[in-house]
Amino acid sequence: MAEALKDQDPEIIKHFKGHKGPITGVAFSSKEPQLVTVSEDSDVIVWNYRQQEKVFKFSGHTAEVHDVAWDPSGSVFATVSSDQMIRLWTPKICGKTRSLHGHTAHVRTVDFHRSGRTFVSGADDKCLKLWSKKEFNFLRSFTGHTNWLRCARMAPYDDLIGSCGDDKMVKIWDMESGKCIHAFLQNSGIPRTLAWHPDTHTVAVGLSTRTVKLFDVRSQELIQYYKTHAEAVNSVAFHPNGKYMLTGSDDGTMKVCDLLEGRYIYTLTSGSGSIKAVAFSTDGDFFASGSSNADLHVWKANLPNEEPLEGSSIEEVKKFLKQDSTDDSWLRRSPTPLKNQESLDDKENQDSQFDRTF
């Protein structure tokens, strides 16, 4: 571990076993002290992370389950699978579920809009699809990826969707028009996961090249670049206060990054194989990790929420973290061409304050 930020470092408080295959997704409920995990064993399990117990185990998918997302109310969650199905579940004993067959290949990713009224799915058929939760019907397709989709996430502000896939593209979509408004080509490595910063128009992308990149989607710039993992990055999550980022990797470690200082402050291991999924609780007090060894660990975050000391942060990072996310005039510009990857690679290779290895 790096330096201690307060009396206690992040610590494991619960270790759950229940899956028979690698855990591929994990998500916290906003309503109850519960989290849900999905796995290559096709099972869906809801856990109470304040007690050492499995609450519900649901069966319905007939193949590997790849991703899971709670709606903002915590009343239902969605799962997607290689069986080409999208399922909505009610976390109760009766285990009510509704299913959609809207893709023609393995469905890899799912996420809810902040309103809870819609959700998005992405699949190996190269399509993103938007769905209504209430009517449970199809609304719109987003086409433009030329290879399998790995991850899609809906922004916590504006009506934006971020997606990435094996075509090495990171695309930003306008939800209402269905148009791609920005695209970033990654010449080195495949983007495997992405996450939106909770307060700014910034998206973090984890790549197969052991790196994490943060892009400002308004200026179309690479603003931070981290290369500290020894193997591919599988999962990225932001702390709700926007000051910290958590990453999980095939190297078996998680890393906690202080975004204001532009550096990793903790390297965490649980001895459970590759880390396939990470997530913060909605209050930021906890985070969870799912591994290739089918282990679920719940951690007490112990991260400070107070403002950093004056002068301790990078001015450029302060600026992007405090930008006004209510100004949406940039969305009214004409769609932009692909960002010049040569300029991104040049910036990436610079010996700058954003390129630090520990």
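The structure reproduced in this document is the subject of the present report. (Residues numbered from 1 in each chain as written. Predicted model: local features only at pLDDT ≥ 70, side-chain atom pairs only at ≥ 80, totals over all residues. Heavy atoms only, no water.)

A closer look at the sheet that holds strand β27 (residues 286-291)
Thinking step 1. The strand order across the open sheet formed by 4 strands is β1-β28-β27-β26, and the pairing between neighbours is antiparallel. Of all strands in the sheet, those with a lone pairing partner are β1 (11-17) and β26 (275-280), marking the two edges. Adjacent strand axes in the sheet meet at a mean angle of 20° when their direction is disregarded.
Thinking step 2. With 5 bridges joining them, β26 and β27 adopt antiparallel strand pairing. The residue bridging Phe 280 from the neighbouring strand is Phe 287, located in β27. (Pairing = 2+ DSSP bridges. Helix = DSSP H or I, 4+ residues; strand = E, 2+ residues; numbered from the N terminus. Axes fitted to C-alpha atoms, helices over the stretch in contact; angles between N-to-C directions.)

Quick word on the environment of Val 36
Thinking step 1. Residue placement: Val 36 occurs in strand β3 (residues 34-39).
Thinking step 2. It is 9.0 Å that separates the C-alpha atoms of Val 36 and Asn 48, two residues lying 12 residues apart in sequence.
Thinking step 3. For Val 36, the contacting residues outside a window of four places in its chain are Gly 25, Val 26, Ala 27, Val 44, Ile 45, Val 46, Val 68, Trp 70 and Phe 77. (Contact = heavy atoms within 4.5 Å.)

Comments concerning the pairing of strand β21 (residues 221-227)
Thinking step 1. The buried fraction of β21 amounts to 5 of the 7 residues, a majority that puts the element mostly inside the structure.
Thinking step 2. As judged from the 6 bridges shared by strand β20 (residues 211-216) and β21, these two strands associate in the antiparallel manner. For Phe 215, the partnering residue across the bridge sits in β21 and is Leu 222. (Buried < 20%, exposed > 50% of the residue type's maximum accessible area, 1.4 Å probe, protein only.)

What is shown is where atoms sit, not what they do.
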